[in-house]
Amino acid sequence: MTGVALAEELLLLAYDDETGKATMPRISLDLGMAAAVLIELALAGRIAYAEGNLAVIDPAPTGEPIADEVLGRIAADTPHTPSSWVQRLRHGLRDRILGDLCGQGVVRDVDETELGFIHVHRYPVTDPSVEVDIRRRLAEALTSGQLPDERTAALATLVAVLRMEPALGLSGDDARDARRRLEEITNGAGFSGNVSLDDSVVRPSVALVVTALGQAVDAALGKRT
């Protein structure tokens, strides 16, 4: 795994480029990024669903620091379900990912003071090319009618579960059309949760993390209709 991680792609979509502030509920974003790290590890063949829990099947480092730290945690800890890991990983993850993006020069940390003593951090974009590529891939996935590559399909799945159509600049009928297409991509990639546990190693593992994410977001924000 090289370049910008899946969780970082998700965060860039969720933050306003100019204000450097989140444009969606932070609890949803935190849960989504935790799921993204787990999905990235599953796609890389490092973890898989086994006997009710996520387990390490290949301890080899991926080369992505945050993912490798999580991989080590899963290997060293007692077994936990996908739902448990989504909740466990969300705490402090956003700060780690923002720090990584700052280190890559993608965003910058603007430290401001309110009321004379309250520090507020904003993260406006300094290198827009990364997010431009992310949005291009998603736009092509929404309009091409073809199933995108596995990584883009995973990102589209996260966008669908987190209801991030507004982050794509979509509203009204366009947002509804995009949601239908995102769900088609999710189902076509086998990430929807409606997949046999005997189908493969990767698909059920990702699907169960996606299901856990949806349940966690619903619980945090109230059941959506």
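Note: the structure precedes this text.
None of these values were measured; they are calculated from a predicted model. Going along each chain's sequence as written, the residues are numbered from 1 onward. The predicted origin of the model limits local features to residues at a pLDDT of at least 70 and limits the giving and counting of side-chain atom pairs to 80 or more, whereas totals for whole chains, interfaces and linings rest on all residues. For side-chain calculations, the full set of non-hydrogen atoms in the structure is used, while hydrogens and water are omitted.

Enquirer: Just to check I follow, could you spell out a nonpolar patch on the surface for this structure?
Expert: Taken together, the side chains of Leu115, Phe117 and Ile118 make up a nonpolar region of the molecular surface, amounting to roughly 350 Å² of accessible area. Each helix is a run of H or I in the DSSP string that is no shorter than four residues. Each strand is a run of E no shorter than two, and both are numbered from the N terminus. Relative to the elements of secondary structure, Ile118 occurs in strand β4 (residues 118-122). Patch membership needs two things, relative accessible area over 30% and no salt bridge, and members are linked within 9 Å if like-charged or within 5 Å if nonpolar (Val, Leu, Ile, Met, Phe, Trp, Tyr). In this description, accessible areas are obtained by the Shrake-Rupley approach with a 1.4 Å probe, and a residue is regarded as covered only by the protein chains that are shown. Salt bridges, as used here, are contacts in which a Lys or Arg side-chain nitrogen is within 4 Å of a carboxyl oxygen on Asp or Glu.

Enquirer: Explain the side chain of Glu64 to me, please; I cannot follow it from the model alone.
Expert: With respect to the helices, strands and loops of the structure, Glu64 is situated in the loop between β2 (53-56) and α3 (65-76). Each residue is placed in one exposure class: buried if its accessible area under a 1.4 Å probe, protein chains only, is under 20% of its type's maximum, exposed if it is over 50%, and partly exposed if it falls in between. The sign given to each residue is positive for Lys and Arg and negative for Asp and Glu; His and the chain ends receive no count. An unpaired buried charge is present at Glu64: no salt bridge exists, and Arg96, the closest side chain of opposite charge, is 7.1 Å distant. A polar contact of 2.8 Å, which involves the side chain of Glu64, links it to the backbone nitrogen of Ala67. Identification of polar contacts relies on pairs of N or O atoms within 3.5 Å, with a donor-acceptor requirement for protein atoms, meaning one able to donate a hydrogen and the other able to accept it, and with residues adjacent in sequence counted only if both atoms are side-chain atoms.

Enquirer: I keep staring at the pairing of β4 and nothing clicks. Help me out?
Expert: Two faces make up the sheet, and in a regular strand the side chains alternate between them. Strand direction decides the pairing type here: strand β3 (residues 110-114) and β4, joined by 5 bridges, are antiparallel. Looking across to β4, one finds that Glu112 is bridged to Val120. With antiparallel pairing between neighbouring strands as the criterion, β3 and β4 make up a hairpin whose turn holds 3 residues, including Leu115 at a positive phi of roughly 60 degrees. Between any two strands, pairing holds if DSSP finds at least two bridges.

Enquirer: Is there a simple way to think about the pattern of salt bridges in this case?
Expert: If charged atoms from side chains of opposite charge come close, those side chains can pair. For the structure shown, the criterion picks out 16 salt bridges. One salt bridge in this structure joins Asp30 and Arg94, with 2.8 Å as the shortest N-O distance. With Asp30 in helix α2 (residues 26-43) and Arg94 in helix α5 (residues 93-103), the pair connects residues that are 64 residues apart, well separated along the chain. Residues Asp30 and Arg94 agree in their burial class; the two are buried. Residue Glu112 is joined to Arg122 by a salt bridge in which the shortest nitrogen-to-oxygen separation is 2.9 Å. Note that Glu112 is positioned in strand β3 and Arg122 in strand β4, a separation of 10 residues in sequence. Residue class for Glu112 comes out partly exposed when judged on its relative accessible area of 31%. Taken together, the shared-partner salt bridges in this structure form one network comprising Glu9, Glu40, Asp133, Arg136, Arg137, Glu140 and Arg151.

Enquirer: Sorry if this is basic, but what is going on with the pairing of strand β1 (residues 47-50) here?
Expert: The pairing of β1 with β2 spans 4 bridges and is classified as antiparallel. From the neighbouring strand, Tyr49 faces β2, where its bridge partner is Leu54. The turn joining β1 and β2, which pair antiparallel and follow one another in sequence, is formed by 2 residues; a positive phi near 55 degrees is taken by Glu51.

Enquirer: What exactly am I supposed to notice about unusual backbone geometry here?
Expert: Residues other than glycine predominantly adopt negative phi, and peptide bonds predominantly adopt the trans conformation. Within the chain, Glu51 stands out as a residue other than glycine whose phi angle is a positive 55 degrees. Looking at where Glu51 falls in the secondary structure, it is placed in the loop between β1 and β2. Classification of Glu51 as exposed rests on a relative accessible area of 81%. The backbone of Arg163 shows a phi angle near 55 degrees, a positive value even though the residue is not glycine. Relative to the helices and strands, Arg163 resides in the loop between α7 (150-161) and α8 (172-189). Judged by its relative accessible area of 35%, Arg163 is partly exposed.

Enquirer: Explain the packing of helix α1 (residues 6-14) against α7 here, please?
Expert: To describe two helices that pack against each other, one gives the angle between their axes and the distance between the axes. α7 packs onto α1 with a crossing angle of 45 degrees between their chain directions and a minimal axis gap of 11 Å. Considering their axes alone, α1 and α7 lie oblique with respect to each other. The interaxial crossing formed by α1 with α7 has right-handed handedness. Contacts between α1 and α7 involve Leu6, Glu9, Leu10 and Leu13 from the former and Arg151, Ala154, Leu155, Leu158 and Val159 from the latter. The classification used treats Ala, Val, Leu, Ile, Met, Phe, Trp, Tyr, Cys and Pro as nonpolar, Asp, Glu, Lys and Arg as charged, and all other residues, Gly among them, as polar. When the residues that make up the contact of α1 with α7 are grouped by side-chain class, the tally is 7 nonpolar, no polar and 2 charged. Here an axis means a line fitted to C-alpha atoms, over the contact stretch when the element is a helix, while the angle between two N-to-C directions is reported on a 0 to 180 degree scale. Roughly parallel here means an angle under 35 degrees, roughly antiparallel means over 145, roughly perpendicular means 65 to 115, and every remaining angle is called oblique. What makes a crossing left-handed is the near helix being turned counterclockwise from the far one by less than a right angle; a clockwise turn instead makes it right-handed. Two residues form a contact once any of their heavy atoms are found within 4.5 Å.

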